[in-house]
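As a plain string of letters, each chain reads:
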Amino acid sequence: MATAGKVIKCKAAVAWEAGKPLSIEEVEVAPPQAMEVRVKILFTSLCHTDVYFWEAKGQTPVFPRIFGHEAGGIIESVGEGVTDLAPGDHVLPVFTGECKECPHCKSAESNMCDLLRINTDRGVMIGDGKSRFSINGKPIYHFVGTSTFSEYTVMHVGCVAKINPQAPLDKVCVLSCGISTGLGASINVAKPPKGSTVAIFGLGAVGLAAAEGARIAGASRIIGVDLNPSRFEEARKFGCTEFVNPKDHKKPVQEVLAEMTNGGVDRSVECTGNINAMIQAFECVHDGWGVAVLVGVPHKDAEFKTHPMNFLNERTLKGTFFGNFKPRTDLPNVVELYMKKELEVEKFITHSVPFAEINKAFDLMAKGEGIRCIIRMENQISLSGL
């Protein structure tokens, strides 16, 4: 590989300050160090998490920064000690990692790696505490270890999932964050039995993925709960059979759902992060066997309040991180679900823009239009040309 071991100059969308449009700049991307890989990003997409930290409302601002964490690309070069990946491998970057050595990685019940768990405040590589991005010698900071709004990026090997090279990267790139989070919340955590009733709170990208997971699992009734009725028709494509808008009812939505389902739903998945929706999602499940799964991230000062009898009456409350998928181990299998046509990914992708117009993706999300916008990187290459 002609570029291996050398600094690469490429285009990146740099956020210089909070809330201001990204600027396409020429950046220098240093070679990968020990246990790192450099990846040519071919397709990336915009997630609400990118927007949240770009706005820097309520958290430590880290700028200038290269955002982006949902993407698909090809390994350009590898650093010392990397044996699982090689140049030319097709990969999905992941905002959280799997070192395969810590207690969490060795546990069949956890995906919360001690070494590589998501860290939104860190803008440097964990190996040496330095950034691999720079402009005129000044560092540009990383975001959640991925920074995919760049034609090339450097990541820890544990945050990269090797996938089937036949999988179209312009489609499966959306599986590296939100879609897998919702899908896994249903199939890995809620585990609805065939013929069961499931309520999905919040019909954004993650909620629609949770509905898709419930559909794949064989749920017979999937009830979408959302304050925005314009989302209902779209949600039918993902398996939703009924809809409830809490604004349409005078009584609490958990009571509405209990009346609709003879005592409560079998499973619920909460995907909004609103603390009231979290409580409602728990209180709407059936006593004896109901399971509620919390996916959304609440405000840091939020408190979950419910009567202890809701637990004593054998309702179960669970939380999940990235749908309980281990990134390197499980994401390749999620891609195979798509390849076998068991998981439909195309319906999540509603827009596409060239990299030079990346700010349009932010505008679309701000307007609430669509589900996922694919950003096509510049200078597309033939897969054999890397």
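Predicted model, so just to flag it, every value in this text is computed and none were measured.

## A word on the domain arrangement of the chain
Reports of interface size often rely on the accessible area that becomes lost once the parts have come together.
Part 1 of the argument: When the domains of the chain are assigned, the result is domain 1 (8–174 + 345–376) and domain 2 (179–321).
Part 2 of the argument: Interface area for domain 1 against domain 2, summed over the two sides, is near 1,000 Å², with a carbon-plus-sulfur share of 71%.
Part 3 of the argument: Per-residue buried area on domain 1 facing domain 2 is highest for Lys 347, Phe 348 and Ile 371; these three make up 53% of the total on that side.
Part 4 of the argument: Taken together, the connections running from domain 1 to domain 2 amount to one salt bridge.
Part 5 of the argument: In this assembly, domain 1 and domain 2 are joined by three residue pairs in polar contact (both at pLDDT 80 or more).
Part 6 of the argument: Looking at the side of domain 1 that touches domain 2 residue by residue, the class counts come to six nonpolar, two polar and two charged.

## Describing helix α8 (residues 275–283)
Part 1 of the argument: Along α8, the positions that sit buried rather than exposed are Ala 277, Met 278, Ile 279, Ala 281 and Phe 282.
Part 2 of the argument: On the buried face of α8, the contacting elements are β10 (197–201), β13 (267–270), β14 (291–294), α9 (309–312) and β15 (316–319).
Part 3 of the argument: Its side-chain oxygen 2.9 Å from the backbone nitrogen of Asn 276, Asn 274 forms the N-cap of α8.

## Points about the UniProt feature "domain: Alcohol dehydrogenase-like C-terminal" (unreviewed entry) in the chain
Part 1 of the argument: Sites flagged by UniProt as "domain: Alcohol dehydrogenase-like C-terminal" (unreviewed entry) map to residues 205–337.
Part 2 of the argument: Within residues 205–337, the helical portion is 38% and the strand portion 15%, while the C-alpha atoms at the span's ends are 18 Å from each other.

## Focus on helix α4 (residues 178–190)
Part 1 of the argument: Look at α4: 17 Å from first C-alpha to last across 13 residues, which is about the 18 Å you get at 1.5 Å a residue.
Part 2 of the argument: Of all the 13 residues making up α4, 11 are buried; the element is thus mostly covered by neighbouring parts of the structure.
Part 3 of the argument: Inspection of α4 places Gly 178, Ile 179, Ser 180, Thr 181, Gly 182, Leu 183, Gly 184, Ala 185, Ser 186, Val 189 and Ala 190 among the buried residues, and these make up the whole buried set.
Part 4 of the argument: At the C-terminal side of α4, Lys 191 shows a positive phi close to 50°.

## Some words on the environment of Ile 200
Part 1 of the argument: Counting through the fold element by element, Ile 200 comes out in strand β10.
Part 2 of the argument: With 25 residues separating them in the primary sequence, Ile 200 and Val 225 have C-alpha atoms 5.9 Å apart.
Part 3 of the argument: Residues within four places of Ile 200 in sequence aside, it is in contact with Gly 207, Ala 210, Ala 211, Ile 222, Ile 223, Gly 224, Val 225 and Val 269.

## A look at the side chain of Ser 131
Part 1 of the argument: Assignment of secondary structure puts Ser 131 in the loop between α2 (103–106) and β6 (133–135).
Part 2 of the argument: For Ser 131, a relative accessible area of 18% corresponds to the buried category.
Part 3 of the argument: Here His 142 takes part through its side chain, which lies 3.4 Å from a polar atom of the side chain of Ser 131.
Part 4 of the argument: If sequence neighbours within four positions are ignored, Ser 131 has contacts with Gly 123, Val 124, Pro 139, Ile 140, Tyr 141 and His 142.

## Observations regarding the sheet that holds strand β1 (residues 8–14)
Part 1 of the argument: If you walk across this open sheet you meet the four strands as β1-β2-β6-β7, and the pairing is antiparallel. Looking at strand neighbours, the two that pair on one side only are β1 and β7 (138–140), the edges of this open sheet. For this sheet, the mean inter-axis angle between neighbouring strands, taken without regard to orientation, is 50°.
Part 2 of the argument: Bridge count for strand β2 (residues 23–29) against β6 is two bridges, and the pairing is antiparallel. Residue Val 29 lies in a different strand from β6, and its bridge partner there is Phe 133.

## Let's talk about the pattern of salt bridges
Part 1 of the argument: Inspection of the entire model under this criterion finds 21 salt bridges.
Part 2 of the argument: Its salt-bridge partner being Lys 20, residue Glu 17 comes within 3.6 Å of it at the nearest N-O pair.
Part 3 of the argument: The exposure class assigned to Glu 17 is partly exposed, which follows from its relative accessible area of 43%.
Part 4 of the argument: Owing to a relative accessible area of 43%, Lys 20 belongs among the partly exposed residues under this scheme.
Part 5 of the argument: In this structure, the salt-bridge partner of Asp 128 is Arg 132, at a minimum N-O distance of 3.1 Å.
Part 6 of the argument: What makes Asp 128 partly exposed here is its relative accessible area of 36%.
Part 7 of the argument: One connected set of salt bridges, linked through shared partners, spans Glu 212, Arg 215, Glu 344 and Lys 347.

Reading guide: rules and limits
Residues numbered from 1 in each chain as written. Predicted model: local features only at pLDDT ≥ 70, side-chain atom pairs only at ≥ 80, totals over all residues. Heavy atoms only, no water. Domains from an automatic or database assignment. Buried area = accessible area lost by both parts, 1.4 Å probe. Salt bridge = Lys/Arg side-chain N within 4 Å of Asp/Glu carboxyl O. Polar contact = N/O pair within 3.5 Å; in protein donor to acceptor, adjacent residues only side chain to side chain. Nonpolar A, V, L, I, M, F, W, Y, C, P; charged D, E, K, R; others polar. Buried < 20%, exposed > 50% of the residue type's maximum accessible area, 1.4 Å probe, protein only. Helix = DSSP H or I, 4+ residues; strand = E, 2+ residues; numbered from the N terminus. Contact = heavy atoms within 4.5 Å. UniProt positions renumbered as here; feature names shortened; annotations may be inferred. Expected span 1.5 Å × (residues − 1). Pairing = 2+ DSSP bridges. Axes fitted to C-alpha atoms, helices over the stretch in contact; angles between N-to-C directions.

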